[in-house]
Amino acid sequence: MKILVPIDGTALSLAALRHAIGLVQLGLRAELVLANVQEPASLYEWLRAPDPDTLGHIAEAAGEHALQTAEGLLRQAGLDATEVLVTGEPAHALLDLIETEDCGAVVMGTRGGGGFLAAFSDSVSHVLVERSPVPVTLVKLPDEDDARFSTDA
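What you see as residue numbers is a count from 1 along each chain, following the sequence as written. In keeping with the model being predicted, local features are shown solely for residues with a pLDDT of at least 70 and side-chain atom pairs are shown and tallied solely at 80 or more, while totals for entire chains, interfaces and linings include all residues. With hydrogens and water excluded, all non-hydrogen atoms of the structure serve as input to the side-chain values.

## Let's talk about the environment of Glu31
Thinking step 1. With respect to the helices, strands and loops of the structure, Glu31 is situated in strand E2 (residues 31–38).
Thinking step 2. Along the backbone, Glu31 and Cys103 are 72 residues apart, and their C-alpha atoms lie at a distance of 9.0 Å.
Thinking step 3. Not counting residues up to four positions away in its chain, the partners in contact with Glu31 are Met1, Lys2 and Ile3. Segments assigned H or I by DSSP are reported as helices when at least four residues long, segments assigned E as strands when at least two residues long, and all are numbered from the N terminus. In this analysis, two residues are considered to be in contact whenever any of their non-hydrogen atoms come within 4.5 Å of each other.

Here's what the structure looks like:
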């Protein structure tokens, strides 16, 4: 089984990766697929860019930067993963990756909570929960005083 883990470089996405790593270390036979989705350039960015290739290089560099800490966590755990960088609307790109990478599950971070702001800020996780053809596990950040979980890389 492959587990898709969206990585955007935030503590939330790294908490999800730690959870997925823990599952593998506990004996789940799974491969991890780390995905970074870069949103398409805005009209302003297109107008300000010296050339179209520059925008692609910037997006690629941002994606690689976001994956660096994740790579460190994998090295510490002695695990490998497939890394995928794509451009597009995040929720739809992740749904596509579930299919193209043949993933059997998704583990991703969420802010939790409730209300309009939480729903708006976590719209990607909400879309995946609603539309994913595979199970989606949402991982919240642990309490700061919970020493079992560290967000340090």
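## Looking at the nonpolar core
Thinking step 1. The definition of a nonpolar core used throughout is a set of buried Ala, Val, Leu, Ile, Met, Phe, Trp, Tyr and Cys residues joined through side-chain atoms within 4.5 Å. Exposure is judged per residue with a 1.4 Å probe applied to protein chains only, and the accessible area is read against the type maximum: over 50% gives exposed, under 20% gives buried, and values in between give partly exposed. Within the largest apolar cluster, 20 residues are counted, with the highest numbers of intra-cluster contacts made by Ile3, Val5, Ile7, Leu17, Leu32 and Leu34.
Thinking step 2. Of all the elements in the fold, those that place two or more residues in this core are strand E1 (2–6), helix H1 (11–25), E2, helix H3 (52–77) and strand E4 (105–109).
Thinking step 3. A total of seven residues in this core trace back to one element, the largest contributor, which is H1.
Thinking step 4. Each residue touching Leu32, except ones within four places of it in the same chain, is listed here: Ile3, Val5, Leu17, Ala20, Ile21, Val24, Leu74, Ala81 and Thr82.
Thinking step 5. Within the second largest apolar cluster, 16 residues are counted, among which are Val84, Ala93, Leu97 and Val134.

## Notes on the pairing of E2
Regular strands place their side chains on alternate faces of the sheet.
Thinking step 1. With seven of its eight residues buried, E2 lies for the most part within the structure.
Thinking step 2. Pairing between strands is defined by DSSP: at least two bridges between the two strands are required. One ladder, built from five bridges, connects E1 with E2; its direction is parallel. Bridging from a neighbouring strand, Pro6 pairs with Ala35 of E2.
Thinking step 3. Direction of pairing for E2 relative to strand E3 (residues 81–87): parallel, over a ladder of seven bridges. Bridge pairing in E3 links Val33 to Thr82.

## Quick notes on the side chain of Ser13
Thinking step 1. By the secondary structure assignment, Ser13 is in helix H1.
Thinking step 2. By relative accessible area, Ser13 is classed as buried at 4%.
Thinking step 3. Each polar contact in these results corresponds to two N or O atoms within 3.5 Å; when the atoms are within protein, one needs to be able to donate a hydrogen and the other to accept it, and residues that are neighboring in sequence are counted only if both atoms are side-chain atoms. At 3.4 Å, the side chain of Ser13 and the backbone nitrogen of Gly9 are in polar contact.
Thinking step 4. If we skip the residues at most four places from it in the chain, Ser13 touches Val5, Pro6, Ile7 and Asp8.

## Regarding helix H4 (residues 90–100)
Thinking step 1. Among the residues of H4, Pro90, Ala91, Ala93, Leu94, Leu95, Leu97 and Ile98 are the ones counted as buried.
Thinking step 2. In this structure, the buried side of H4 is in contact with E1, E2, E3, E4 and helix H6 (123–131).
Thinking step 3. Where H4 ends, the next residue or the one after it, Asp102, has phi of about 55 degrees, a positive value.

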